[in-house]
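Examination of the molecular architecture
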Amino acid sequence: MVEWTDEERAAISDIFSKLDYDEVGQKCLSRCLIVYPWTQRYFGAFGNLYNAEAIMNNPLIAKHGTTVLRGLERALNNMDDIKNTYAELSVLHSEKLHVDPDNFKLLSDCLTIVIAAKMGTTFTPEYQASFQKFLSVVVSALGKQYH
């Protein structure tokens, strides 16, 4: 079980309280698909993903980005039991969708970049450390079916 300090909990909650899920979700998923084009293979049913502009303007990508952020909110609301909170989602992504668990790390890196750009100087190293810890727990919970 992961131990969270009061400061970490406060920082993570503060970050989420400032997020526009629609904007940040779309930007982080689009960034991931553009920077790491091999991740596009999981989104074949989403239509035209042939270039950055098409990806950034794809309504299905935007919608799924929001879904990702809402999923992270579930982890935020269950920080003391992220592993069990994500058990079903982990099975879905590993057994049905066959998503390489490394892609969750790539997406979390893109999310961190988008949030850092959005928050600017308020995204302090301490905030980033707390957020990275949170994301690493989420990534571990999602990828656990592969281990």
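These lines cover the structure that appears in this document, whether it is placed above or below. Treat the numbers as computed from the prediction; the structure is a model and nothing was measured.

Definitions and cut-offs
- Residues numbered from 1 in each chain as written.
- Predicted model: local features only at pLDDT ≥ 70, side-chain atom pairs only at ≥ 80, totals over all residues.
- Heavy atoms only, no water.
- Helix = DSSP H or I, 4+ residues; strand = E, 2+ residues; numbered from the N terminus.
- Polar contact = N/O pair within 3.5 Å; in protein donor to acceptor, adjacent residues only side chain to side chain.
- Contact = heavy atoms within 4.5 Å.
- Core = buried A, V, L, I, M, F, W, Y, C linked by side-chain atoms within 4.5 Å.
- Buried < 20%, exposed > 50% of the residue type's maximum accessible area, 1.4 Å probe, protein only.

Looking at where Q40 falls in the secondary structure, it is placed in the loop between α2 (21–35) and α3 (52–56). Side-chain polar atoms of Q40 contact the backbone oxygen of L33, separated by 2.9 Å. With residues near it in sequence (within four places) discarded, Q40 still touches L33, L49 and I55.

Our next topic: the nonpolar core. Counting residues in each nonpolar core, the largest one holds 38 residues, and the members touching the most others are F16, I82, L111, I115, F131 and F134. Sorting the residues of this core by element identifies α1 (6–17), α2, α4 (59–77), α7 (102–119) and α8 (125–143) as the ones contributing at least two each. Not counting residues up to four positions away in its chain, the partners in contact with I115 are I15, L19, V24, F123 and F131.

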